[in-house]
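# Summary of structural features
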Amino acid sequence: MKTYQVNPDGYYGEFGGAYIPEILHQCVENLRNAYLEVLDSPDFREEFARLLRDYVGRPSPLYPARRLSAKYGCKIYLKREDLNHTGAHKINNAIGQVLLARHMGKTRIIAETGAGQHGVATATVCALMNMECVVYMGKTDVERQRVNVEKMKMLGATVRPVTSGNMTLKDATNEAIRDWCCHPEDTYYVIGSTVGPHPYPDMVARLQSVISEEIRKQLLEHEGRDYPDYLMACVGGGSNAAGTIYHYIDDERVKIVLAEAGGKGVETGQTAATIQAGRLGIIHGSKTLVMQDADGQIIEPYSISAGLDYPGIGPMHANLSRQRRATVLAINDDEAIRAAYELTLLEGIIPALESAHALGALAKLHFRPEDIVVLTVSGRGDKDMETYLANQPHPHRP
Ligand SMILES: *Cc1c(COP(=O)(O)O)cnc(C)c1O
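Please read these numbers as outputs of a predicted model, since none were measured by experiment.

Okay, the sheet that holds strand E14 (residues 372-377) next. Strand order in the open sheet made by the six strands is E3-E4-E14-E9-E10-E13, with mixed pairing throughout. For this open sheet the edge positions go to strand E3 (62-64) and strand E13 (326-332), each flanked by a neighbour on one side alone. Neighbouring strand axes in the sheet, compared pairwise and without regard to direction, differ in orientation by 25° on average. The sheet contact formed by E3 and strand E4 (residues 75-80) spans three bridges and is antiparallel. Across the sheet, residue Tyr63 finds its bridge partner in E4, namely Leu78. Taken strand by strand, helix H10 (residues 210-223) contacts E3, E4, strand E9 (230-234) and E14, and its axis lies near 140° from that of E4.

Moving on to the packing of aromatic side chains. The tally for this structure, following the rule as stated, stands at six aromatic pairs. Aromatic pair Trp180 and Tyr200: ring centres 6.4 Å apart, planes at 70°, arrangement edge-to-face. Taken together, the positions of Trp180 in helix H8 (residues 169-182) and Tyr200 in helix H9 (residues 200-208) put the pair 20 residues apart, joining distant regions of the chain. Of the residues examined, Trp180 reaches a relative accessible area of 4% and is grouped as buried.

In this section: the environment of Val204. Mapped onto the fold, Val204 is located in helix H9. Taking the relative accessible area as the measure of exposure, Val204 reaches 0% and is therefore buried. For the pair Val204 and Thr194, spaced ten residues apart in the sequence, the C-alpha separation amounts to 5.5 Å. With residues up to four places along the chain from it excluded, the contact list for Val204 reads Asn93, Gln97, Ile191, Ser193, Thr194 and Ser239.

The biggest cluster of nonpolar side chains holds 89 residues, and the ones touching the most others in it are Ile95, Tyr188 and Met203. Top element by residues in this core is helix H4 (residues 90-103). It accounts for seven residues. Counting 36 residues, the second-largest nonpolar core is a separate cluster that includes Ala261, Ala339, Leu343 and Leu353.

What follows covers the packing of H4 against helix H5 (residues 117-129). The contact between H4 and H5 brings their axes to 9 Å, and the two run at 45°. Between H4 and H5, the angle falls in the class oblique. In the crossing of H4 with H5, the sense of the turn from one axis to the other is right-handed. Contacts between H4 and H5 involve Lys90, Ile91, Asn93, Ala94, Ile95, Val98, Leu99 and Arg102 on the former and, on the latter, Gln117, His118, Ala121, Thr122, Thr124, Val125, Cys126 and Met129. Its residues assigned to classes, the contact of H4 with H5 comprises nine nonpolar, five polar and two charged.

Moving on: the sheet that holds strand E5 (residues 108-113). Here four strands make up an open sheet; going across it, the order is E7-E6-E5-E8 and the pairing parallel. For this open sheet the edge positions go to strand E7 (158-162) and strand E8 (187-190), each flanked by a neighbour on one side alone. In this sheet, neighbouring strand axes are inclined to one another by 25° on average, regardless of whether the strands run parallel or antiparallel. Pairing geometry for E5 and strand E6 (residues 132-138), over six bridges, is parallel. Among the inter-strand pairings, Thr113 is bridged to a residue of E6, identified as Met137.

Around the ligand lies a shell of 15 residues, among which Lys90, Ser193, Gly236, Gly238 and Ser239 are the nearest. A distance of 2.7 Å separates an oxygen atom of the ligand from a polar backbone atom of Gly236. Ser239 places a polar side-chain atom, nitrogen or oxygen, 2.7 Å from an oxygen atom of the ligand. Considered on its own, the ligand offers 380 Å² of accessible surface; in the complex 97% of this is hidden by protein. Looking at the shell around the ligand residue by residue, the classes come out as two nonpolar, eleven polar and two charged.

What counts and how
Residues numbered from 1 in each chain as written. Predicted model: local features only at pLDDT ≥ 70, side-chain atom pairs only at ≥ 80, totals over all residues. Heavy atoms only, no water. Pairing = 2+ DSSP bridges. Helix = DSSP H or I, 4+ residues; strand = E, 2+ residues; numbered from the N terminus. Axes fitted to C-alpha atoms, helices over the stretch in contact; angles between N-to-C directions. Contact = heavy atoms within 4.5 Å. Phe/Tyr/Trp six-rings, centres within 6.5 Å; stacked < 30°, edge-to-face > 60°. Buried < 20%, exposed > 50% of the residue type's maximum accessible area, 1.4 Å probe, protein only. Core = buried A, V, L, I, M, F, W, Y, C linked by side-chain atoms within 4.5 Å. Parallel < 35°, antiparallel > 145°, perpendicular 65-115°, else oblique. Left-handed = near helix turned anticlockwise from the far one by under 90°. Nonpolar A, V, L, I, M, F, W, Y, C, P; charged D, E, K, R; others polar. Near = heavy atom within 4 Å. Polar contact = N/O pair within 3.5 Å; in protein donor to acceptor, adjacent residues only side chain to side chain. Areas by Shrake-Rupley, 256 points an atom, 1.4 Å probe, with all protein chains shown as cover.

Structure, rendered in structure tokens:
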């Protein structure tokens, strides 16, 4: 059967693989040999499920958004990942990987972070599990994201500001990889999205797949059928989208719509829309679409949303787009802002700017009244209030 899941060599079509320095070969090989066995073991599954329930607060609700549905002429459900502990989906992955690290006998956790959300999730789980935690973060991001830096420190993590390159996510990633090379024995590297060398994209997708597992059960209760007509999510690296679609990826009855950050418009170059603006290249150990100049130098992406400005894209998503299994829309800053204000006024939910991009895609689709749409709201708007206030659309009630 044709599948859009990873193949045994770690590829999704032509994308993926593990392009890593020789010194990390053994580390990645060990992870590759361990992850499926651990993730499928009764011990791991029991503890992961227990923490997702008691600590994260799962299952997250599948909320029928009646006023939003009326506006778009279909039946929209919001998968409320914003209601998780720490306010987003990233905690699902952080718990899973730190548990895996413990099963592998590792005692030290490292991570990279851009906007700080993944760093906070990882530091949170390390506090919970009493693990040493070092987070690499570009110095520019350290200055832009003070609150998240203070949260990580309060949680007991060490934040290492990175001063190479543009001092942003790509540079933090390079430093984390360098650290891993120096401490391969005791250190586990927690990657925050469906990116990086195989097996990370598949592992992160599996850990986030609790989202689509819950959607199946919850839709069956609400609708008497366990699949929607549309699944929608925003894409930075791709983890909340991968979790949303995981159990439906080979079910062609379900249309998949992904929203990437258009920034000021793909044609302006001020964008993070990697699927539209990127070319085949290698980033973070993975062959995928990359925003790069003619010489192959990575172009710094731009989006009003700090969580979406990654210059690559998960290999799973690059392949879904290449094979036309998913429709990928670039949603610009102003469209996302408008959608965030709309959801807030219609449903009393202030979404994260990242998720506002998925909401912004609703206006670009044509639904039938009977269509069932599940859209993942992956985070809270609390962290984005300054941006919302500085960019208010013209006042009107939708
Ligand atoms: C990190 C983040 C994203 C983007 O990451 P993905 O791996 O693409 O999901 C989206 N939404 C929120 C709220 C985030 O914190």
